[in-house]
Amino acid sequence: MKATGIVRRIDDLGRIVIPKEIRKKLRIKEGESIEVYLDDLGQIVLKKFSEFSDLEKTYQLVCDMLYDMYENTVLITTLSEVSFVSSKDKENYLKKEVNEELLSTIAKRKEVHKKMQVFDTEIKDVSIYPLLNNGDLLGALLMIYDTTPKEQVNMELLKYNEQLLLKHFG
């Protein structure tokens, strides 16, 4: 755990303020949820809540299945970082921060196929499917075309998997 040097008092209702610098770094906005954990040492751990946390096996299975079919990198992101990656590519992408270009593309809430710089690496051909739940933008399903070109990928299958992922939130 990394010390910040910031100390806050608890008010009479038991509340503490999370400093602006930390909220900005974690991209926590007003109204978003935070998970509270108590570790074995009695320390309180706060973590930005992710809608994906209960669905790990399903999301990982989707990433790996699509990779097995096309040998292209498959990612599922929140609005701040990569949460799931096809198993072969975990060391390259897992927990990487979503860059501004990708975030602004996801924020358009439309399926996109284009060349772009993903995670500050070289420019690649990519398909992006925003993941929405009751109008709330959660993140995106991405396929980066490493091996199989876009023209040989069944786009309906990608769309189907996007819908499959979202059914868990319905």
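Predicted model, so just to flag it, every value in this text is computed and none were measured.

### Examining the packing of helix H2 (residues 56-70) against helix H5 (residues 155-167)
Stage number 1. Relative to each other, H2 and H5 sit at 170°, their axes nearing to 11 Å. By the criterion of interaxial angle, the relationship of H2 to H5 is roughly antiparallel. Judged by residue contacts, Tyr 59, Val 62, Met 65, Leu 66, Met 69 and Tyr 70 of H2 engage Leu 157, Leu 158, Asn 161, Leu 164 and Leu 165 from H5.
Stage number 2. Here the contact of H2 with H5 is composed, by residue class, of ten nonpolar, one polar and no charged.

### Re the environment of Ile 44
Stage number 1. Tracing the chain through its elements places Ile 44 in strand S2 (residues 44-48).
Stage number 2. Along the primary structure Ile 44 and Leu 164 are separated by 120 residues, whereas in three dimensions their C-alpha atoms are 35 Å apart.
Stage number 3. Contacts of Ile 44, omitting those with residues within four sequence positions, involve Val 36, Tyr 37 and Leu 38.

### Some points on the pairing of strand S6 (residues 123-133)
Stage number 1. Counting buried positions along S6 gives nine out of eleven residues, so the element sits mostly inside the fold.
Stage number 2. Two strands pair when backbone bridges link them, and strand S5 (residues 112-117) and S6 are joined in this way by six bridges, in the antiparallel orientation. Paired with Val 112 across the two strands is Ile 128, which belongs to S6.
Stage number 3. As paired strands, S6 and strand S7 (residues 136-144) are joined by eight bridges and run antiparallel to one another. Note that in S7 the partner of Leu 131 across the bridge is Gly 139.

### Examining the pattern of salt bridges
Stage number 1. What the rule picks out here adds up to six salt bridges.
Stage number 2. With a shortest N-O distance of 2.8 Å, Asp 11 and Arg 15 are connected by a salt bridge.
Stage number 3. On the accessibility criterion, Asp 11 (30% relative accessible area) is partly exposed.
Stage number 4. By relative accessible area, Arg 15 is classed as partly exposed at 48%.

### Here we look at the confidence of the model for the chain
Stage number 1. When the pLDDT values of the chain are averaged, the result is 86; 94% of them are 70 or greater.
Stage number 2. Of all the helices and strands in the chain, S2 carries the lowest mean pLDDT, 80, while strand S3 (residues 73-77) carries the highest, 93.

### A look at helix H4 (residues 100-107)
Stage number 1. Within H4, burial applies to Leu 102, Thr 105 and Ile 106. All buried residues of H4 lie within an arc of 100° about the axis, which places them on one face of the element.
Stage number 2. Where the residues of H4 are buried, they touch S3, S5, S6 and S7.
Stage number 3. The opening residue of H4 is Asn 99, an N-cap whose side-chain oxygen sits 3.3 Å from the backbone nitrogen of Glu 101.
Stage number 4. Once H4 finishes, Arg 109 follows within two positions and takes phi at roughly 60°, a positive value.

### Digging into the packing of aromatic side chains
Stage number 1. Within the structure shown, the criterion is met by one aromatic pair.
Stage number 2. Taking the centre distance of 5.5 Å and the plane angle of 40° together, the rings of Tyr 59 and Phe 84 count as tilted. Here Phe 84 lies in strand S4 (residues 82-85) and Tyr 59 lies in helix H2, a separation of 25 residues in the sequence. Here Tyr 59 and Phe 84 have matching classes, each one buried.

Conventions used here
Just so you know, the residues in each chain are numbered from 1, in the order the chain's sequence is written. Predicted model: local features are reported for residues with pLDDT of at least 70 only, side-chain atom pairs are reported and counted for 80 or more only, and whole-chain, interface and lining totals are derived from all residues. To obtain the side-chain values, all non-hydrogen atoms of the structure were included, while hydrogens and water were left out. The axes are straight lines fitted to the C-alpha atoms, using for helices just the contacting stretch, and the angles between their N-to-C directions are given from 0 to 180°. In this description a helix means any DSSP run of H or I spanning at least four residues, a strand means any run of E spanning at least two, and both kinds are numbered starting from the N terminus. Any angle from 65 to 115 degrees is called roughly perpendicular, while one under 35 is roughly parallel, one over 145 is roughly antiparallel, and all others are oblique. Note on definitions: a residue-residue contact is assigned when non-hydrogen atoms from the two residues lie within 4.5 Å. Just so you know the grouping, Ala, Val, Leu, Ile, Met, Phe, Trp, Tyr, Cys and Pro go in nonpolar, Asp, Glu, Lys and Arg go in charged, and all remaining residues, Gly too, go in polar. Summary of the burial criterion: residues with accessible area below 20% of their type's maximum are buried, those above 50% are exposed, and those between are partly exposed, where the area comes from a 1.4 Å probe applied to protein chains only. Here, strands pair whenever DSSP counts at least two bridges between them. Here, a salt bridge means any Lys or Arg side-chain nitrogen found within 4 Å of an Asp or Glu carboxyl oxygen. Known as pLDDT, the predictor's confidence for each residue is given on a scale from 0 to 100. Think of it as the arc spanned by the lines of direction from the helix axis to the C-beta atoms. Residues adjacent in sequence count toward polar contacts only when both atoms are side-chain atoms; beyond that, a polar contact is any pair of N or O atoms within 3.5 Å, and within protein one must be able to donate a hydrogen and the other to accept it. Two rings belonging to Phe, Tyr or Trp (six-membered ring only in the last case) form a pair when the distance between their centres is within 6.5 Å. Interplanar angles under 30 degrees mark stacking, angles over 60 mark edge-to-face geometry, and anything in between is tilted.

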